[in-house]
Amino acid sequence: MSDQAGSPDPATVAKKEDEQESPSSFGQVLRDSILEGNTVTVIILAIFTAFVVGGLLNAFTNTAVLHAWGNFFSAPGHAIAAAWDTAAGAYVEMFEGSIFSPHTVAALFQQASFATAVHDGYLSAVFYPLSETCVQATPLILAGLAVALPYQAGLFNIGAESQLIGGMILATFLGYGVSLPFGVHVVVCVIGGFVGGAAIGWVVGELKARTGAHEVIVTIMMNYIMAYFLAYLLSFGYLMQQPHTTNLVTSAIAGNAHLPLLFGSHLRINAGFLIALACAAGVWWLLNRTTTGFEFRSIGKNPSAARVAGMNVERNWVLVMLIAGGLAGLSGATVIQGTDFSLNFQSYGTYGIDAITVALLGLGRPLGVVLAGLLFGALHAGAPLMQAATGTPVDMVQVLQAVIVLFVAAPPLIRSVYRLRAARAGGVGGVMSKGWNA
């Protein structure tokens, strides 16, 4: 009896142990998340490593730096300083061109009043770099979603470029060929962009579902088909070429079809950025909160098991490619209605190819695609100032993107370089690449 009376209550002991261990267990989780090679850690370190490698490449391809290092043994400090100044200077200018510049902030606070700063454009100058980053990121986010969504269903959509061109063609035609009121005209052109891209995606899905044609081959071929189809449309005045000109360009879309600017005429950020964010949220909801999304993910993991469970695999292939094509078409519509206002061969640029890298860096997830799109948008937005101020070629941005993807796609390399432990099963994240389902 005395032993039982003197023994502590087990519930009380357990409660005290939980109170004592909870801070340490949180710290342990935080420490493990940093030291283990999980996805988030690998991506952050991969981006950091890519910037270091990019800085070294930038420095040691500069003739002045190479000349300084030719005299390294006579003036080692000068050689190291020259390399550092070249690499750091390029990144500083890129940051100022994509995030903010301390000079514009200082000029803002030197104004007599806030009203004067707004009227004279000093406030807009502060936010101009961020505005350009969002403008550059908008088509990348939408095109990245067009690649990431089919991946969840086990499909590899390399045809974002063709779907983007399809959306551009229809949005442009509706923009200058139809006369509608402002609000209606914008919506019609946006819907047209979605439909134009969705039609190309539907063709790919139907071919895969009905004939078993591999989506990679079909989408690659569709890229060529749509590029040449655009060339045909722009070559004749009775089709889409601007009348009374020999330039391969369409007429400008009507002002009523322009996407509205969000913060005045001094900043180019427009409603397209909100469309991109809304589409990312919609894709997340589709994948995680709907039966259709569950079927997409189930088919992506094992189409044979999904078929046995009663899911219509072929119908879902068609549906996911139709939605993906529509997202890519929206990407094209935001370019035409938000910044370019006419269609030519430079309009679609490299968005279709960059979409693959954005989806890869974002691990095929909507939030990851948004963050990756903003990162690449910042690189593109900061490149012109970097070139103008330091003479660094704009191609350096392409090198950075390639190096980032290279390191993100090689987690064992990052773990080896930083001596990270392998992530335990069930950890956060995962490897995006899991193969193509036939």
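Quick caveat, the model's predicted, so the values are computed rather than measured. Along each chain, the written sequence defines residue order, and numbers are assigned to residues from 1. Predicted model: local features are reported for residues with pLDDT of at least 70 only, side-chain atom pairs are reported and counted for 80 or more only, and whole-chain, interface and lining totals are derived from all residues. Side-chain metrics in this entry use all non-hydrogen atoms of the structure; hydrogen atoms and water are not considered.

### Examining the overall build of the chain
Only runs of H or I of at least four residues qualify as helices and only runs of E of at least two qualify as strands under DSSP, and these elements are numbered from the N terminus. Scanning the chain from N- to C-terminus turns up 19 helices and 2 strands. Considering only residue pairs separated by 6 or more positions, the chain has 73% of its internal contacts joining residues 24 or more positions apart. Computed with the Shrake-Rupley method and a 1.4 Å probe, the accessible areas treat only the protein chains shown as cover for residues. Taken as a whole, the chain presents about 21,700 Å² of accessible surface, with 67% of it coming from carbon and sulfur. Contacts between residues were defined by any pair of non-hydrogen atoms, one from each residue, lying within 4.5 Å.

### Here we look at the nonpolar core
The set of buried Ala, Val, Leu, Ile, Met, Phe, Trp, Tyr and Cys residues whose side-chain atoms join them within 4.5 Å is what this entry labels a nonpolar core. Only protein chains enter the accessibility calculation, which uses a 1.4 Å probe; a residue is then buried when its area is under 20% of its type maximum, exposed when over 50%, and partly exposed in between. Counting 93 residues, the largest nonpolar core has L145, L149, I169 and L327 as its most contacted members. The element that contributes the greatest number of residues to this core is helix α8 (residues 122-152), accounting for 12 residues. If we ignore the near neighbours within four places in the chain, the residues touching L145 are P150, A276, C279, A280, V283, L327, P366 and V369.

### So, the packing of aromatic side chains
A pair of aromatic rings is counted whenever rings of Phe, Tyr or Trp (Trp by its six-membered ring) have centres within 6.5 Å, and the orientation is called stacked for planes under 30 degrees apart, edge-to-face for over 60 and tilted otherwise. Evaluated as defined, the whole model comprises 8 aromatic pairs. A centroid spacing of 5.5 Å and a plane angle of 65° characterise the contact between Y232 and F236, whose relative ring orientation is edge-to-face. For the ring pair F236 and Y238, a centre distance of 5.4 Å and an interplane angle of 35° mean the geometry is tilted. You can call Y238 exposed: its relative accessible area is 62%. Put simply, the rings of F60, W69, F72 and F73 touch in pairs and so form one group of aromatic residues.

### Concerning the packing of α8 against helix α17 (residues 366-390)
Fitted lines through C-alpha atoms give the axes, limited to the stretch in contact for helices. The angle between two N-to-C directions lies from 0 to 180 degrees. Orientation of α8 relative to α17, taken along the N-to-C sense of each, is 140°, at an axis distance of 7 Å. Overall, the two elements α8 and α17 adopt an arrangement that is oblique. Crossing handedness for the pair α8 and α17: right-handed. The residues of α17 that touch α8, namely those facing E132, T133, Q136, A137, L140, I141, G144, L145 and A148, are P366, V369, V370, G373, L374, F376, G377, A378, H380 and A381. As a working rule, the residues Ala, Val, Leu, Ile, Met, Phe, Trp, Tyr, Cys and Pro are called nonpolar, Asp, Glu, Lys and Arg charged, and the rest polar, with Gly in that last group. Taken together, the residues that form the contact of α8 with α17 break down as 12 nonpolar, 6 polar and 1 charged. Note that the term roughly parallel is reserved for angles under 35 degrees, roughly antiparallel for angles over 145, roughly perpendicular for angles of 65 to 115, and oblique for everything else. Helix crossings get a hand from a simple test, with the near helix turned counterclockwise from the far one by less than a right angle marking a left-handed crossing and a clockwise turn marking a right-handed one.

### Here we look at unusual backbone geometry
If you check the backbone angles, H244 has positive phi at about 60° while not being a glycine. Relative to the elements of secondary structure, H244 occurs in the loop between α11 (215-233) and α12 (271-289). Phi is positive for L363, close to 55°, though the residue is something other than glycine. Residue placement: L363 occurs in the loop between α16 (351-361) and α17.

### Examining α8
Helix span, as expected, comes to 1.5 Å for every residue beyond the first. Taking 1.5 Å of rise per residue, the 31 residues of α8 would be expected to cover 45 Å, and the 45 Å separating its terminal C-alpha atoms lies within 8% of that figure. The largest bend in α8 is about 45°, located at Y128, with the proline P129 one to four residues further on. G154 lies just past α8 and shows a positive phi near 80°. Note on bend: at a given residue it equals the angle between the axes fitted to the 7 residues ending there and to the 7 starting there.

### Looking at the pattern of salt bridges
A pairing counts as a salt bridge when a side-chain nitrogen of Lys or Arg comes within 4 Å of a carboxyl oxygen of Asp or Glu. Applying the stated rule across the entire model yields 5 salt bridges. One salt bridge in this structure joins E314 and R307, with 2.9 Å as the shortest N-O distance.

### Examining the confidence of the model for the chain
Within the chain, residue pLDDT values average 85, and 87% of them lie at 70 or more. Scored from 0 to 100, pLDDT records how confident the predictor is in each individual residue. Ranking the elements of the chain by mean pLDDT puts helix α1 (residues 2-6) last, at 50, and α12 first, at 96. Below pLDDT 50 for its whole length, residues 425-431 participates in 8 contacts with residues either more than four positions away or in separate chains.

### Looking at the environment of C134
By the secondary structure assignment, C134 is in helix α8. The exposure class assigned to C134 is buried, which follows from its relative accessible area of 13%. Once the C-alpha coordinates of C134 and F273 are considered, the two residues, 139 residues apart in sequence, prove to be 6.6 Å apart. Not counting residues within four places of it along the chain, the set of residues in contact with C134 comprises I269 and F273.

### Remarks on the side chain of T138
Secondary-structure assignment places T138 in helix α8. The class of T138 is buried, set by a relative accessible area of 4%.

### Section: the packing of helix α6 (residues 102-109) against α8
Closest axis-to-axis distance for the α6/α8 pair is 9 Å, and the angle between their directions is 160°. Between α6 and α8, the angle falls in the class roughly antiparallel. Between α6 and α8 lies a crossing of left-handed hand. In contact with T104, V105, A107 and L108 of α6, α8 contributes Y122, L123, A125 and V126.

### Observations regarding the environment of V147
With respect to the helices and strands, the residue V147 is situated in helix α8. Among the residues examined, V147 registers a relative accessible area of 2% and is labelled buried. As for V147 and A328, which are separated by 181 residues in sequence, their C-alpha atoms are 8.5 Å apart. In contact with V147, not counting residues within four places along its chain, are F156, N157, A160, A355, I356 and A359.

### So, helix α3 (residues 39-59)
Between the first and last C-alpha of α3 there are 30 Å, a value that for 21 residues agrees with the 30 Å anticipated at 1.5 Å per step. Of the positions making up α3, those classed as buried are T39, T41, V42, I43, L45, A46, T49, A50, G54, G55, N58 and A59.

### Here we look at the environment of G382
Relative to the assigned elements, G382 resides in helix α17. Of the residues examined, G382 reaches a relative accessible area of 0% and is grouped as buried. What G382 contacts, discounting residues up to four positions off in sequence, is E93, M94, G97 and S98.

### Let's talk about a nonpolar patch on the surface
Judged by side-chain polarity, F48, V52, L56, F60, L66, W69 and I80 come together as a nonpolar surface patch covering roughly 630 Å² of accessible area. Every element with two or more residues in the nonpolar patch is listed here: α3 and α4 (63-70). Looking at the nonpolar patch, the element that brings in the most residues is α3, giving 3 residues. By the element assignment, I80 lies in helix α5 (residues 76-98). Using a relative accessible area of 48% as the deciding quantity, one classes I80 as partly exposed. Candidate patch residues must exceed 30% relative accessible area and have no salt bridge, after which like charges are joined if within 9 Å and Val, Leu, Ile, Met, Phe, Trp or Tyr side chains if within 5 Å.

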